[in-house]
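Geometric and topological summary
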Amino acid sequence: MLQKRKEAYQFIIEGQVQGVGFRPSVVRIAKELNLTGFVRNIVSGVEIQVQGIEKNINQFEKLLLKKKPKLSKINKISKIKLKTSLKFIDFQILQSSSEINNSVFSNLIPPDVKICDDCLKEFSSPKSRFFNYFLTSCTNCGARFSLINLLPYDRKNSAMSKFQFCKNCKNDFDNLENKRFHHQLISCPDCTPKLRLFLQDKLYSKTDVFQKIGELLNNKKIGAVKGIGGFNLICDATSDEVVLRLRKIKNRYKKPFAVMFPNIQTVKKILKTSEFDEKILNSQEAPIVILELKNLKQQFLSKFVAPDLNRIGAILSYSAHHLLIFKYFAKPIIFTSANLSGEPLIDNFEELKSKFNELDFILDFDRDIFNSVDDSLVLPLNSSEKLILRLGRGFAPKVLKYPNNSKNRDKKILAVGGHQKNSIALFYQDTIILSQFIGDLENYSTFQRFEKTISNFKKLFNFEPEIILSDKHPKYLSTQWAESTNLPIFQIQHHLAHIYSVVVEHNLTNNNFIGFAFDGTGFGEDKTIWGGEIFDTNKRIYYFKTFQLLGGEKAVKEPKRVAIAILFEYFSFDEVVKIVKDKQIPFSKKELELLYKIWQKNISVKTSSVGRLFDAIASLSGICHIQNYEGEAGTLTEIFYNPEIKDNFNFKIDKNGKIEILFDFFDKDLISRFINTIAEITFQIAKKHKKTVILSGGVFQNKTLLNLILEKLKQENIKTYFNSEIPINDGGLAVGQIGYFLNNF
């Protein structure tokens, strides 16, 4: 009987194929089909050389897609027939090749994800060696992006490089039938990174570390716990006393804290949840999810968790060490990033000690964090749609495919985003990689994190930029950094970047749309501050009537200044004095006189910002005169919105496209009618132009406003797009800068 001829092929697999169990999957498929050869990690992805009968190799190719690991993403498979036969008698994993080639983005890094169900079973079983092990993970779960320093994704290039396998872990690593077969980050209690619990400055010497943490939390102590992407501050979320003390330690007097709940049942007792909400909470990304309280007068959580708000950021355990904390402390805990207000997440013990010397305890372990990453923040809009407000653990780095015919598609492009909620993005050919949330570039430590992120991304993705994209604002540190690079720079208008972030996310090819960009601050083409702009594709055709920002940046933090500036537009000084007194806006007559003189001189910067209009309405309604955190005024207006109020203020649009709202500042339903008015303006303009609608910018983080607009547009069958997979706020600007550049240069 004639033997069937054996053929040999090489496959190069590009995409998210390292650190996700892809090579073990390849070995299993090859052995199942009696194929010989090898698989190995290379800088550009995974290389496979396989030999066998043609029919089996064709089946092998199909099964690569069908049986790929759940964390993997295949972007491209290249197949080449080899002329010479392979000298292998079986199929094996070879040592990785670190040979650098010119391939860019062919190898993508998976995000960090929560502990999987299989690992949870082992963690909970006294018969397993992973019972109660604080770093339990496998090829399908756990830390990834935060621990990688260099590609290929091998242990030697990760934060686990300094830890040697124990005998059992080595056996698992080598065992094809084991779910930790070639799991690069494997460890167990016998070869683990070392836990260290510090009680103030003293090292706790006993081994019952998590039991001790439970005892400390029960005794109203506050501590820091090292996590996947950095340190978190934790304490009892039910105690007013301890939450107030944490606010003092963190210098965060009103901004809401996230709460980690021991289980979904506890979440459902306190917060309103839908099936969609629970799906997000339980997802592998395990983000913080913003949910409404069932009862504003609830007595369970401290009233200082989210002062004055009717909603809370909820998160469930996503790592084994969180589960161990809840084993000894059954109540919800405050779970907030370990950073001083305005600074980036702390990812190392030394910095934590220097900035938080009032903590009662610190739980650390000696596994490094190479890429610090905050918890992601998600806002469910309705039963099927959501907004990502902060792109972090679970979602970052975010890969977007953007097919295009730009003459610049073969250029390596770095977009550096904006100033607030900064993220950076890389582009080459048809792929964009958006970084994790970095922060507001207002202090040196956040700017250092910005520079470090750029450096890390260049190294990880074999990327040396040829073009830099930035915002047009000359005072943004990201813009100034771009100008210092000596590379070709293109500055992209802030609000057009917002619009094009949606174009990229949804792969919109028809450049015939009406784009609404509503936010707080963005440098306009006329050198004023824009923020209420409507574009017909790239042309600004409508904008909100401008008003002065009395005190510039100070007005951004003090809504009462915005309110006064708008009142000066409509009333005499004496009338404004009376209105201020009646509405109890905290200004002395002397302060008003000074501000009125400044207003009369017309020297303050002008703005068309819808975000600032929200600030003014909050002050005029008596709910927020000075903001304790960015976005506070807008958040509070949502709470006071009354859905029973259906009407809106009149408005007019002149021949130049200037929109003026005809306010009644004394209306008892000022907030509700204002929100209705913004929704109605958006609807009427969209209806008039009969084009695809794009919505982007921080104002659309207002769930009430966005849902109102979406419902109106849906009734008219107007196709509408907004950011859902990347931040709708300035965290998505870098993607939009790339989108605008590719479509217009």
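The structure contained in this document is the topic of the report that follows. (Residues numbered from 1 in each chain as written. Predicted model: local features only at pLDDT ≥ 70, side-chain atom pairs only at ≥ 80, totals over all residues. Heavy atoms only, no water.)

With that settled, the discussion passes to unusual backbone geometry. In this structure, the amide linkage connecting Leu151 to the following residue, Pro152, adopts the cis form with an omega of 5 degrees. Mapped onto the elements of the fold, Pro152 is located in the loop between α3 (117-124) and α4 (167-174). With omega at 0 degrees, the peptide bond leading from Ala396 into Pro397 counts as cis. Mapping Pro397 onto the fold places it in the loop between β16 (386-390) and β17 (398-401). Of note, the phi angle at Asn34 is positive, near 60 degrees, even though the residue is not glycine. Examined against the element boundaries, Asn34 turns out to sit in the loop between α1 (22-32) and β2 (36-42). The residue His182 is not glycine, and still its phi comes out positive at about 60 degrees. (Helix = DSSP H or I, 4+ residues; strand = E, 2+ residues; numbered from the N terminus.)

Attention now moves to the side chain of Ser445. In this structure, Ser445 sits in helix α11 (residues 444-460). Look past the residues within four positions of Ser445 in its chain and what remains in contact with it is Glu343, Pro344 and Lys355. (Contact = heavy atoms within 4.5 Å.)

Attention now moves to the layout of surface pockets. A water-sized probe, rolled over the atoms, reveals where empty space remains. What the second largest pocket holds in volume is close to 460 Å³. Looking at the second largest pocket, it is lined by 22 residues, and the ones nearest its centre are Lys73, Gln284, Glu285, Gly394 and Phe395. Looking at the lining of the second largest pocket, the elements with two or more residues in it are α8 (275-281) and β17. Looking at the lining of the second largest pocket, the element that brings in the most residues is α8, giving three residues. (1 Å grid on protein atoms, 1.4 Å probe; cavity = no way out; pocket = protein on both sides within 12 Å on 5 of 7 lines; lining within 4 Å. Points joined across faces, edges and corners; volume = space filled by probe spheres on them.)

To continue, consider the pairing of β16. For β16, the buried fraction is high: five of the five residues fall into the buried class. Of the strand pairs in this sheet, strand β15 (residues 377-380) and β16 are connected by four bridges, and their pairing is antiparallel. Each bridged residue has a counterpart across the sheet, and for Val378 the counterpart in β16 is Ile388. (Buried < 20%, exposed > 50% of the residue type's maximum accessible area, 1.4 Å probe, protein only. Pairing = 2+ DSSP bridges.)

Below, the discussion takes up the sheet that holds β16. Within a sheet, neighbouring strands are paired by backbone hydrogen bonds and run either parallel or antiparallel to one another. The 11 strands are arranged β7-β6-β14-β8-β9-β13-β10-β12-β11-β15-β16 in an open sheet whose pairing can be described as mixed. The open sheet has two free edges, formed respectively by β7 (202-203) and β16, since each of these has just one partner strand. Bridge analysis of strand β8 (residues 223-226) against strand β9 (residues 231-236) gives four bridges, and the strand direction is antiparallel. From the neighbouring strand, Lys226 faces β9, where its bridge partner is Phe231. Lying on the sheet, helix α6 (residues 240-250) is in contact with β9 and β13 (333-337); it crosses β9 at an angle near 150 degrees. (Axes fitted to C-alpha atoms, helices over the stretch in contact; angles between N-to-C directions.)

Quick look at the nonpolar core now. The tendency in soluble globular proteins is for nonpolar side chains to be buried side by side. Formed by 251 residues in total, the largest nonpolar core has its most connected members in Ile48, Phe60, Phe461, Phe516 and Phe674. Among the elements that take part in this core, helix α20 (residues 670-689) stands out by supplying 10 residues, more than any other. Excluding anything up to four places from it in sequence, Phe60 contacts Phe11, Val26, Ile29, Ala30, Leu33, Leu35, Ile48 and Val50. (Core = buried A, V, L, I, M, F, W, Y, C linked by side-chain atoms within 4.5 Å.)

With that settled, consider the state of the cysteines. One pass over the structure, following the stated rule, counts zero disulfides. For Cys119, which is in no disulfide, the shortest distance to another cysteine sulfur is to Cys138 and amounts to 3.7 Å. Residue Cys188 stays outside any disulfide, its sulfur separated by 3.5 Å from that of Cys166, the closest cysteine. Exposure remark for Cys188: the relative accessible area of 0% places this residue in the buried category. (Disulfide = S-S within 2.5 Å.)

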